[in-house]
Amino acid sequence: MIKALGHSFKQAFVQFFRNRGMTLASLISITAMLIILGMFFFISVNVSFLTESIKSQFDTIEVYLLDDTTSDQAKVMIESLNAMDEVESVQLITKDMAMDEFKERWGENAYLLDGLGENPLPNSLRITLTDIEGGDMTAAICRTFTGVEDVRYYKDEIDRIIKISDTIQRGALIVIAFLIVVSIVVVSNTIKITVMSRRSEIEIMKYVGATNWFIRGPMLLEGMIIGVVAAACALGICAALYIRFCESFGEQVNVMFSTDLVEPHFLIVNLIAIFMSLGVSIGAVGSIISMRRFLKA
Amino acid sequence: MIKFDDVTKIYDGNNVGLQNVSIDIGDGDFVFLVGPSGAGKTTFIKLILKELEPDSGHIYINGRDCTRLSNRQIPMLRRYVGMVFQDFRLLPNKTVFENVALAMEVMHTTRRTIRRQVPQVLTMMGIADKADKFPSELAGGEQQRVAIARAIINRPQILIADEPTGNLDPDTSWEIMNLLDDINRHGGTTVVVVTHDKAVVDRMKKRVVAIDNGRVVRDSQEGEYGYDD
């Protein structure tokens with residue numbers, strides 16, 4: 001068994017270098033495929049993180065209170081809201097707190113707010129929902145309270161965002177599946193050419209009593225080596241691209257969606273696992289498919 | 001050793017391969033298989049090697065019924081049947097040593113054993129000095145010696161030679177035949193030689209089985225070629 005493996009490894013490496021042209025061709029195609037796949041992975045993960053963070057940011061209802069609402073009235077509202085199942089917590093945001101939040105969000109431009117003079121922001125209640133599904137009802141109830149100026153709740157927007165992100169994810173999944181199939185076809189063609197060129201050798205090996213695995217082993221490994229090398233190349237390129245992207249556009253994304261891009265390290269660690277397993281299986285499946293015909297008897 | 005019991009093989013389109021053939025080749029026999037092209041000699045060999053399945057009848061090799069073998073068992077069968085071909089079938093990008101070693105590698109023989117036994121067999125074949133040459137650097141007769149070395153290195157009980165002298169001049173042919181005879185005499189290996197070489201057959205005075213139109217038409221000890229082609 002060990003000896004058989006040794007033979008396979010030796011032959012696989014010899015073949016890997018001997019068929020340089022074809023090896024390079026399939027290496028490049030799989031690498032390209034994996035890079036595109038990696039891009040879709042980045043997009044898909046980021047979109048899903050973005051949606052999640054938007055969801056969690058907007059599972060709140062803002063209830064703006066009229067300026068003449070007394071703190072007793074506010075307390076009554078808070079108590080009755082706290083009694084509801086749909087409500088996780090209610091926080092009273094005073095004018096001053098609201099202004100501080102504003103300033104924080106505006107960052108270095110916050111000094112502009114200093115020119116406002118009297119604080120124009122209302123007192124408000126911030127309701128955090130246990131479940132986004134109860135949002136509509138809670139918002140409606142809030143509107144019935146006296147002393148309420150306005151109720152802000154963004155369910156429609158959230159629904160739309162979720163729908164868009166679902167579509168993007170589904171699209172990414174289809175593209176990824178398609179790319180995997182294409183890669184398998186490419187590898188199996190490469191190996192097929194190898195097999196063709198080694199046809200007489202295979203025939204002779206069979207005449208001297210080689211088992212199918214003796215013949216198949218090296219080619220299987222050859223496919224897997226191609227897959228692993230391609231995965232390593234694609235990984236390096238994808239990681240570099242993503243890190244560059246985060247450096248260049250991370251801040252803009254943060255300003256636009258008020259959430260960060262997914263940490264490169266986290267994504268890349270996942271990508272290593274994905275690429276390696278994909279590379280190995282693409283290589284293995286590709287070579288098995290291409291050899292089946294030749295090894296029948 | 002090799003026994004065909006009423007074996008029939010008809011190809012698609014009603015081409016007769018073999019029809020009701022019964023042959024018994026004993027342990028240590030040396031048999032010439034003769035007959036015109038398309039008579040069924042190749043079918044005979046392919047049936048022994050399990051490249052083909054017979055339509056009916058039984059084939060026994062080394063006393064074992066090999067009529068039905070799983071794909072997994074076929075390589076094992078071929079390990080005790082050495083094959084020599086008219087076109088030598090050596091790997092052009094491997095040296096003589098590597099070509100012979102291949103037959104041992106497929107059986108996962110240790111490298112040390114390979115290094116010890118390959119030179120022995122090459123010496124036996126009289127080509128010890130050609131070990132590092134590539135097949136293209138050798139004469140036809142020498143290439144056939146390499147092929148024979150490869151066929152016998154695992155000490156098969158049966159050696160089948162399909163037109164082994166078809167590409168060789170008469171003198172070289174005679175040398176190769178004598179080599180096969182040696183292997184038969186000294187190694188006790190059963191040798192089956194398919195040939196068109198009338199001169200060789202007539203001179204060797206061995207058992208001759210003639211096949212024509214898929215049937216055994218003659219089986220004589222110390223026979224002659226018997227055709228004028």
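Everything here concerns the structure above.
Let me begin by describing the structure that accompanies this report.

**Observations regarding the packing of aromatic side chains**
The description of two aromatic rings rests on the distance between their centres and on the angle between their planes. A complete count under the given rule lists seven aromatic pairs over all chains for this structure. A centroid spacing of 6.2 Å and a plane angle of 55 degrees characterise the contact between Phe49 of chain A and Phe266 of chain A, whose relative ring orientation is tilted. Of the two residues, Phe49 of chain A sits in helix α2 (residues 20-57) while Phe266 of chain A sits in helix α10 (residues 264-292), which places them 217 residues apart along the sequence. Residue class for Phe49 of chain A comes out partly exposed when judged on its relative accessible area of 43%. The partly exposed category is assigned to Phe266 of chain A, whose relative accessible area is 43%. Feature note: the residues Phe41, Phe42 and Tyr242 of chain A constitute an aromatic cluster, connected by ring pairs. Sitting over the ring of Trp174 of chain B, Arg203 of chain B keeps its end group 3.6 Å from the ring centre. The ring of Phe30 of chain B carries Lys206 of chain B above its face, with NZ or CZ at 5.0 Å from the centroid.

**A few points about the sheet that holds strand β3 (residues 124-129) of chain A**
The strands making up a sheet associate through backbone hydrogen bonding, with each pair oriented either parallel or antiparallel. Residues and elements named next belong to chain A. Strand order across the open sheet formed by four strands is β2-β3-β1-β4, with antiparallel pairing between neighbours. In this open sheet, the two strands that pair with only one neighbour each are β2 (87-93) and β4 (148-152). Across the sheet, the axes of successive neighbouring strands diverge by a mean angle of 20 degrees, strand direction being ignored. Bridge analysis of strand β1 (residues 60-65) against β3 gives five bridges, and the strand direction is antiparallel. Residue pairing for β3: Tyr64 is matched across the bridge by Ser124. Running at roughly 95 degrees to β2, helix α4 (residues 95-106) makes contact with β2 and β3 of the sheet.

**Here we look at the interface of chain A and chain B**
The partner chain B presents 23 residues to the 17 residues of chain A that form the contact. Carbon and sulfur atoms make up 61% of the area that chain A and chain B hide from each other, which totals about 1900 Å². Its largest share of buried area at the contact with chain B, chain A owes to Ile204, Tyr207 and Val208 of chain A, together 37% of the area lost on that side. Across the contact surface, chain A and chain B share one salt bridge. Between Glu203 of chain A and Arg89 of chain B there is a salt bridge, and its shortest N-O distance comes to 3.3 Å. Along the contact surface separating chain A from chain B lie four residue pairs in polar contact (both at pLDDT 80 or more). Listed by contribution, the elements that provide at least two residues to the side of chain A that touches chain B are α1 (2-18) and α8 (199-207) of chain A.

What counts as what
- Residues numbered from 1 in each chain as written.
- Chains lettered and ligands numbered in written order.
- Predicted model: local features only at pLDDT ≥ 70, side-chain atom pairs only at ≥ 80, totals over all residues.
- Heavy atoms only, no water.
- Phe/Tyr/Trp six-rings, centres within 6.5 Å; stacked < 30°, edge-to-face > 60°.
- Helix = DSSP H or I, 4+ residues; strand = E, 2+ residues; numbered from the N terminus.
- Buried < 20%, exposed > 50% of the residue type's maximum accessible area, 1.4 Å probe, protein only.
- Lys NZ or Arg CZ within 6 Å of the ring centre and 35° of its normal.
- Pairing = 2+ DSSP bridges.
- Axes fitted to C-alpha atoms, helices over the stretch in contact; angles between N-to-C directions.
- Contact = heavy atoms within 4.5 Å.
- Buried area = accessible area lost by both parts, 1.4 Å probe.
- Salt bridge = Lys/Arg side-chain N within 4 Å of Asp/Glu carboxyl O.
- Polar contact = N/O pair within 3.5 Å; in protein donor to acceptor, adjacent residues only side chain to side chain.

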